[in-house]
Every structure is written in structure tokens, then in C-alpha cells.
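Listed here are the chains, written in short residue letters.
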Amino acid sequence: MERVWQRQYANHAEAKADITNYIVGFYNCKRFNSVLGNLSPAAYERKMAEVEPIVVS
């Protein structure tokens, strides 16, 4: 909602393209999230990919 309320879209396709660009270009890459340890979602996923998985035997 932080993106949509600021915009007026001509149609559904325009809204979908703008929201997708916002999520991919800004939200996932640059916007920090306190729940994720003040990392962006993309940085958090990279960090979690480096963690060794738990091995159950």
C-alpha cells in the first residue's frame, strides 16, 4: 500500500507493472526491514543462503 496510494493507474496492466518494478527495484533491494535485522529482503536472503543447513541424522 505504501506505493499504490500515491499513484493513479490507467488500467490493471499499468498498476501491475508499476508495483512489480517497485517490489523488484526498491522494496527487495534497498528498503531496510527491522524484523530482518535492518537488512533488505534481498540481503537477508543472501545472508541466510550462506548459513550451513541443519543436518539431521
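Just so it is clear, the structure is predicted and the values come from calculations on it, not from any experiment. (Residues numbered from 1 in each chain as written. Predicted model: local features only at pLDDT ≥ 70, side-chain atom pairs only at ≥ 80, totals over all residues. Heavy atoms only, no water.)

Helix and strand counts for the protein chain come out as 2 helices and 0 strands. Relative to the globule expectation of 10 Å for 57 residues, the C-alpha radius of gyration of the protein chain, 16 Å, shows a markedly less compact shape. Across its three principal directions, the C-alpha atoms of the protein chain cover 55 × 25 × 15 Å. Per-residue burial over the protein chain gives 12% buried out of 57 residues. Only carbon and sulfur atoms are counted for the fraction: they give 58% of the accessible area of the protein chain, which is about 5,000 Å². Across the protein chain, the 7 positively charged side chains and the 6 negatively charged ones have centroids separated by 5 Å. (Helix = DSSP H or I, 4+ residues; strand = E, 2+ residues; numbered from the N terminus. Rg over C-alpha atoms; globule rule 2.2 N^0.38 Å. Buried < 20%, exposed > 50% of the residue type's maximum accessible area, 1.4 Å probe, protein only. Areas by Shrake-Rupley, 256 points an atom, 1.4 Å probe, with all protein chains shown as cover. Lys, Arg positive; Asp, Glu negative; His and termini not counted. Charge placed at Lys NZ, Arg CZ, Asp CG, Glu CD.)

What follows covers the pattern of salt bridges. By the definition in use, this model includes 2 salt bridges. The partner of Asp18 in a salt bridge is Arg3, with the nearest N and O atoms 2.7 Å apart. Taken together, the positions of Asp18 in helix α1 (residues 12-27) and Arg3 in the segment before α1 put the pair 15 residues apart, joining distant regions of the chain. In this structure, the salt-bridge partner of Asp18 is Arg7, at a minimum N-O distance of 3.9 Å. Of this pair, Asp18 sits in helix α1 while Arg7 is found in the segment before α1, placing the two residues 11 residues apart along the sequence. Shared partners join several salt bridges into a network, and the residues in it are Arg3, Arg7 and Asp18. (Salt bridge = Lys/Arg side-chain N within 4 Å of Asp/Glu carboxyl O.)

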